[in-house]
Each structure stands twice: as structure tokens, then as C-alpha cells.
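Listed here are the chains, written in short residue letters.
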Amino acid sequence: MQSNLFYGSGAALVTPFRGNRVDFDALENLIDWQIDSDTDALIVLGTTGEPCTISDAERAAILECAVARCARRTPLIAGVGSNDTRAAIRNAVEAQMLGADALLVVTPYYNRASRQGLIEHFTAIADKVEIPIIMYNVPSRTGVNLEPRTVAELAKHPMLCAIKDANTDSAHMSEMARLCGDGIAIYSGSDDCVLQAMALGAHGVISVAANVIPHEMHSLVMSWIRGDAKACRNLQLEWLPLIRLLFSEVSPIPVKAALAMMGRIEDTLRLPLVPLAAAPREALRQEMKRRNLID
């Protein structure tokens, strides 16, 4: 089942808006630019794509647009998570039907499910689809942590074959790698910790920063895969200042500001998110100028 997954950098794409509507022209242009920049997979409707403010009709239209534009040039992964298992199943089945190559399923937020609840939630979704699922652990957002022993239990299901781990505890991924071995593909969910994840055997990163520096994030991961640990370390450290600024406020606020500075999207978010404040915006602008990403 892991044959449908990827090695490298997967870009967790923003959802561009123009006014109150999804900007499909901008989305198509972003997809083309990402593929031309060597991005190894594209993720739509993940956290960076503001899925909680996307209607059901918009969700289907975004997936149809992304599937058509990708045209099998790179794997397309659809975020389908919800804190309602029934809704997550509906999203997953629809994404599979519309042509997604794999699914990204976040731990159910707000409900604070027990270990058994998490196992039953992911299993119920996995039982309804025939494409790979990447579990997504991001306790800073959801209030619940997918413990390594729970991941090891879930990895017995043939569809639950990967995890995006954004737990900031460095020991968490180590224990998960120890318990799961080669039975699961691990992706870093933290752009500032890709080097550490690769050293533990990760397949790559699902990246917010790749929205802005797609080729550079691809090169960071691929340098490790090619056996050049020094180059991987150097790239990780080189891009840390920008990565940190891209998380100066909750994602995707800074990354949308950055893409707007580059002229790729309109700097529009849906409430309750609002555009980047003046001070971090100026710091981001100066770093992007320093790195020749904007004039």
C-alpha cells in the first residue's frame, strides 16, 4: 500500500480565495508551480487549506480542480478529517471517488477521544476506503495526542500505512519509529525538524514552507535520501529563519501573506482567521527580500 505514497516534500497547499470565493485560477497556477518546482506530493484541504471554513460544495470543487490539474503528475492527497467520524467517512469516500491518491486524516479535535475512541475512529474510516490513509497527529491544534503505541496498533490496518507527526516532543517520533519499524511511513509535520525526522527513518515532510520554497524543501529531503547528511543539515539551518517567520502566527496566516507578496494569491482568509499583523509581516517581508524571494 505504501507504493501510493511518496518520498520527499509534500506541499500542504493553501486554499486561495478571491473575495468570498475560492480562486480556482490561482489554485491551478499554484499546482503547476509546485509540480514544476519538484514538489513530491500535493496536499489539499489539510490544515493549511482552511478546511473548517470550506463548504461541502467547495470541497468537492477543490478536489475536482486539483485532481484534473495534477493529472497524475504527482500524488494528490486530500485532507478529509473531522471530529465527527461519520463526516470524515463521507469526506473520505467522496475524495476517493473524485480521484485522490491518498487521504490525510487528522485526529478528531475538541472531542478529546480516548485511546480506544481514536482506534475506532481511524479504523471506521479505513474500513470504508481503498486508498492509503496518512494519519495526522497535531496535538497543539487538536488537544489530543496519537501515542506511539496507538499508532503501532493502527498500523496493523492495511490502509493506515503512514503518519504525519507534528508532535513537538522529540522523543515521540523516536518511540514511534522504534515500535513501528518499517510498518509505517513517517512524515515530519514540522518544517523546522525535518533533519531529525529523516535521521529516524522518515520518508519526508508534509510542509507549510513548501508553499513558498517548494524546490528548497524538496532538496532538503532529497539530500538526506541521497546520503548527503551534511547538505541536509545545511539546508535545514539555512532556511530556519524563514520557516520560523512562516509560523510567527497560526498557519496559514503568514504563508498566505508570503504568497501574496510573491503575487501568487490574494491575501484573504476566512474568519476567524485574519491577515498577518504589521510587525511580523514586515519581518517576513525583509527575510523574503534577503532570500531573493521578492524584490
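Chains are numbered independently. Their residues run from 1 in the order of the written sequence. With pLDDT at 70 or above as the cut-off, local features in this predicted model cover only qualifying residues; side-chain atom pairs require 80 or more to be listed or tallied, and sums for whole chains, interfaces and linings still use all residues. As a rule here, side-chain values come from all non-hydrogen atoms in the structure, and water together with hydrogens is ignored.

(A) View of empty space enclosed by the protein. A cavity here means a set of points on a 1 Å grid, drawn over the protein atoms and nothing else, where a 1.4 Å probe fits but cannot get out; a pocket is an open set with protein on both sides within 12 Å along at least five of seven lines, and a residue lines either one if it has an atom within 4 Å of a point. Grid points are joined across faces, edges and corners, and a volume is the space filled by probe spheres set on the points. Overall, the coordinates contain one cavity of 30 Å³ or more when judged by the stated rule. There is about 50 Å³ of room inside the largest cavity. If you trace the largest cavity, you find it lined by V67, C70, A71, R72, T74, L76, G99 and D101. Ten residues, namely Ala, Val, Leu, Ile, Met, Phe, Trp, Tyr, Cys and Pro, are considered nonpolar, four, namely Asp, Glu, Lys and Arg, are considered charged, and the remaining ones, Gly among them, are considered polar. Residues that form the lining of the largest cavity fall into these classes: four nonpolar, two polar and two charged.

(B) Expanded view of the environment of N137. Mapped onto the secondary structure, N137 falls in strand β7 (residues 133-137). Counting along the chain gives 33 residues from N137 to L104, while the straight-line C-alpha distance between them is 10 Å. Throughout, a residue-residue contact means that at least one pair of heavy atoms, one from each residue, lies within 4.5 Å. When residues no more than four places from it in sequence are discounted, the contact partners of N137 are T107, V144, N145, L146, I163, K164, D165, A166, N167 and H172. We call two N or O atoms a polar contact when they sit within 3.5 Å, provided that within protein one can donate a hydrogen and the other can accept it, with sequence-adjacent residues counted only if both atoms are side-chain atoms. A polar side-chain atom of N137 sits 2.7 Å from the main-chain amide nitrogen of L146. We count a stretch as a helix when DSSP gives it H or I for four or more residues in a row; a strand needs E for two or more, and each element gets its number in order from the N terminus.

(C) Just the sheet that holds strand β1 (residues 8-12), in detail. What makes two strands pair is DSSP finding at least two bridges between them. Sheet architecture is closed into a barrel: eight strands sit in the order β1-β4-β5-β6-β7-β8-β9-β10, paired in parallel fashion. Adjacent strand axes in the sheet meet at a mean angle of 25 degrees, parallel and antiparallel pairs treated alike. Relative to strand β10 (residues 204-207), strand β9 (residues 185-188) runs parallel, the two sharing two bridges. The partner of S188 across the bridge, within β10, is V205. Note on geometry: axes are C-alpha line fits, over the in-contact stretch for helices, and angles between N-to-C directions span 0 to 180 degrees. Against the sheet, helix α4 (residues 115-126) engages β6 (102-106), β7 and β8 (160-165), with an angle of about 160 degrees to β6.

(D) How the structure looks around the packing of helix α3 (residues 85-98) against α4. For the pair α3 and α4, the least separation of the axes is 9 Å and the interaxial angle reads 30 degrees. The angle between α3 and α4 falls in the class roughly parallel. Where α3 crosses over α4, the handedness of that crossing is right-handed. The segment α3 lies against α4, with T85, A88, I89 and A92 engaging H121, A124 and I125. Partitioning the contact of α3 with α4 into residue classes produces five nonpolar, two polar and no charged. Throughout this description, any angle smaller than 35 degrees is read as roughly parallel, any larger than 145 degrees as roughly antiparallel, any in the 65 to 115 degree range as roughly perpendicular, and the remainder as oblique. By definition, turning the near helix anticlockwise from the far helix through less than a right angle yields a left-handed crossing, and turning it clockwise yields a right-handed one.

(E) Local environment of the side chain of H218. With respect to the helices and strands, the residue H218 is situated in helix α9 (residues 214-225). Accessibility expressed as a relative area gives 15% for H218, which makes it buried. Reaching out from H218, the side chain makes a polar contact with the backbone oxygen of D38 at a distance of 3.0 Å. Among the polar contacts listed, one links the side chain of H218 to the side chain of D40, at a separation of 2.9 Å. Buried means the residue's accessible area, taken with a 1.4 Å probe over protein chains only, is under 20% of the maximum for its type, while exposed means over 50%, and partly exposed covers the values in between.

(F) Region of interest: the nonpolar core. Ranked by size, the top nonpolar core spans 87 residues in total, and within it L103, M135 and L284 carry the most contacts. Beyond its immediate sequence surroundings of up to four residues, L284 is in contact with L242, L245, L246, P254, A257, A258, M261 and L276. By convention a nonpolar core is built from buried Ala, Val, Leu, Ile, Met, Phe, Trp, Tyr and Cys residues, the set being connected through side-chain atoms within 4.5 Å. Core analysis: the next-biggest nonpolar cluster, separate from the first, contains 18 residues, L5, F6, V106 and A162 among them.

(G) Spatial organisation of the packing of aromatic side chains. Stacked, tilted and edge-to-face are the three classes applied to pairs of Phe, Tyr and Trp rings, where Trp contributes its six-membered ring and a pair requires centres within 6.5 Å; stacked means planes under 30 degrees apart, edge-to-face means over 60, and tilted covers the rest. Under the counting rule described, the total for this entry stands at one aromatic pair. A cation over an aromatic ring shows up here: R291 above the ring of W239, its NZ or CZ 3.9 Å from the ring centre. By the criterion adopted, a ring carries a charge over it if an Arg CZ or a Lys NZ lies within 6 Å of its centre and within 35 degrees of its normal.

(H) Spatial organisation of the pattern of salt bridges. Salt bridges are identified by distance alone: a Lys or Arg side-chain nitrogen within 4 Å of an Asp or Glu carboxyl oxygen. Tallying each qualifying case throughout the model produces 15 salt bridges. A salt bridge links E50 to K256, with the nearest nitrogen and oxygen atoms 2.6 Å apart. Taken together, the residues span a long stretch of sequence, with E50 in the loop between β4 (41-44) and α2 (56-70) and K256 in helix α12 (residues 253-261) at a distance of 206 residues. Accessibility classification places E50 together with K256 in one group, the buried group. With its nearest N and O atoms 2.8 Å apart, the salt bridge here joins E58 to R270. Of this pair, E58 sits in helix α2 while R270 sits in the loop between α12 and α13 (278-290), and the two are 212 residues apart along the sequence. You can call E58 buried: its relative accessible area is 19%. Connected through shared salt-bridge partners, E28, D32, R69 and R73 make up one network.

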